[in-house]
Amino acid sequence: MPEIGRSSRAVPASVATRLRRLRPFWRVFRRQRQAVVALAVLATLAVVGPPAAAVFAPDPGALSEDVLAPPSPRHPMGTDYLGRDVLGRLLHGINTSLVVGAAVAATATTIGIALGLLAGFYGSWTDHVIMRVADGLLIIPTFFLVLLVAFIFGGGLGSVVALLGVTAWPQISRIVRAEVLTLREEAFVASARALGTPDRRIIFRELLPNTLPPVIAMVALLGSYAILTEASLSFLGVGDPNVVSLGQMLTNGLESATTAWWVPAFPGAAIFALVVLLNALGDGLNIALNPRLGLAGVMV
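1. Points about a positive patch on the surface
A cluster of basic residues, Arg23, Arg27, Arg30 and Arg31, forms a positive patch on the protein surface. Relative to the helices and strands, Arg31 resides in the loop between helix H1 (15-29) and helix H2 (33-56).

And the structure:
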C-alpha cells in the first residue's frame, strides 16, 4: 500500500524495459533492407573513415609528380591536376561531409525541438512569434541566404555549420508543435497539471519523449540536406579553403573533366551516395517509427 503523501508518479523504466520496448521498432526497421544497408554503410564510414584517412592520407594536400595519373595500383582513384591522390582526399572529404551533416542535424534538431515545445505548450503570442519566424525561413530561399552570408563574412566550416543549423530548424519545430498541440490535451498531461507538476517537468518528462519518433526520422533528412548544401557552397567557391570538401574536389576537377574523368567523377559519386544513403535511412526510420504502427511509445 503506498505511503500517504508520496507522489504517484510512475518509476522510470529500467534499461531492460527500454530495450524490450525497442524490439517492435527493430522488427519493423529490419524489414526495410535499404535502410538497414544505409545504416550499416554510414556507421562503417563514421567509425572507419577518420582513422583510415589519418593512416592512408595523413596529408591530403601532398603533391607528387604523377599529375592527372589515371587509376592504378599506386593511386586507386588516380591523381588530380596537382598530383594529389584522389582517394586520400576523398576519404577526408567524406569525413568532412559526415561531420557537417551530423553537426547541422544536431543544431537544427535542438533548436527545432526547443522552439516547437514552447510554441505548442504555451500557445498565444509565443506560438505566434515562433511560427511566424519559422514561416519566414521556409519562404525565404535559405540556400541563397546562406550563400550571401558566407560570401560576405567568409565560408569557414564552423560558420557554414552554424548558418545551416539556424536556418534548418523550422520543419522540426512545426512537427514538434503539432505533436504537442495534440498531446497537451491528453489525460496524462491534465493529471500532471492537477498534481501541480511544474511546466518544465511536464514539457521535458511527459511531452518531449512522445514527440521524438517523427523527429528522429527527420534527422537523417537534415543530414542529407546539410551535406548537399555544404558541397554546393564549396562547389561555388565560398566553402572553407582550408578543409578538404567533396564539393571543392568536384569544382576543381571540372577543369580537367574531359581529359581526366576520375577527378570529378569520384567526389561527385560520393556526394550522390551519401545523400541516397541518408534518404534511405530516413525513409526506413519514418516507417519504423510511424505512430499508426503503435510504435510511438518506443521512445517513452
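2. Considering the confidence of the model for the chain
Residues with a pLDDT of 70 or more make up 89% of the chain, whose mean pLDDT is 83. Across residues 1-15 the pLDDT falls below 50, and counting only partners more than four positions away or on other chains, this stretch makes seven contacts in the model. Here residues 293-300 is modelled with pLDDT under 50, and outside its nearest four sequence neighbours on either side it reaches 22 contacts, counting other chains as well.

3. Let's talk about helix H3 (residues 86-122)
Here H3 is 37 residues long and its end C-alpha atoms lie 53 Å apart, about the 54 Å a rise of 1.5 Å per residue gives. Immediately beyond the C-terminal end of H3, within one or two residues, lies Gly123, with a positive phi of roughly 60°.

4. Some thoughts on unusual backbone geometry
Phi angles above zero are rare outside glycine, and Leu68 is one such case at about 55°. Within the secondary structure, Leu68 is located in the loop between H2 and H3. At Ser124, a position not held by glycine, the phi torsion is positive, near 50°. Looking at the secondary structure, you find Ser124 in helix H4 (residues 124-139). Assessed through its relative accessible area of 59%, Ser124 is described here as exposed.

5. Some thoughts on the environment of Trp261
Among the secondary structure elements, Trp261 is positioned in the loop between helix H10 (246-253) and helix H11 (262-288). The contacts of Trp261, once residues within four sequence positions are left out, are Ser256 and Phe266.

6. Let's talk about the packing of aromatic side chains
If you walk through the whole model with that rule in mind, you get four aromatic pairs. Pairing Phe121 with Tyr122 gives two aromatic rings, centres 5.0 Å apart and planes at 90°, and the pair type is edge-to-face. Residue class for Phe121 comes out buried when judged on its relative accessible area of 5%. Overall, the relative accessible area of 41% leaves Tyr122 in the partly exposed class.

About the thresholds
Residues numbered from 1 in each chain as written. Predicted model: local features only at pLDDT ≥ 70, side-chain atom pairs only at ≥ 80, totals over all residues. Heavy atoms only, no water. Patch = residues over 30% accessible without salt bridge, like charges linked within 9 Å, V, L, I, M, F, W, Y side chains within 5 Å. Areas by Shrake-Rupley, 256 points an atom, 1.4 Å probe, with all protein chains shown as cover. Salt bridge = Lys/Arg side-chain N within 4 Å of Asp/Glu carboxyl O. Lys, Arg positive; Asp, Glu negative; His and termini not counted. Charge placed at Lys NZ, Arg CZ, Asp CG, Glu CD. Helix = DSSP H or I, 4+ residues; strand = E, 2+ residues; numbered from the N terminus. pLDDT = per-residue confidence, 0-100. Contact = heavy atoms within 4.5 Å. Expected span 1.5 Å × (residues − 1). Buried < 20%, exposed > 50% of the residue type's maximum accessible area, 1.4 Å probe, protein only. Phe/Tyr/Trp six-rings, centres within 6.5 Å; stacked < 30°, edge-to-face > 60°.

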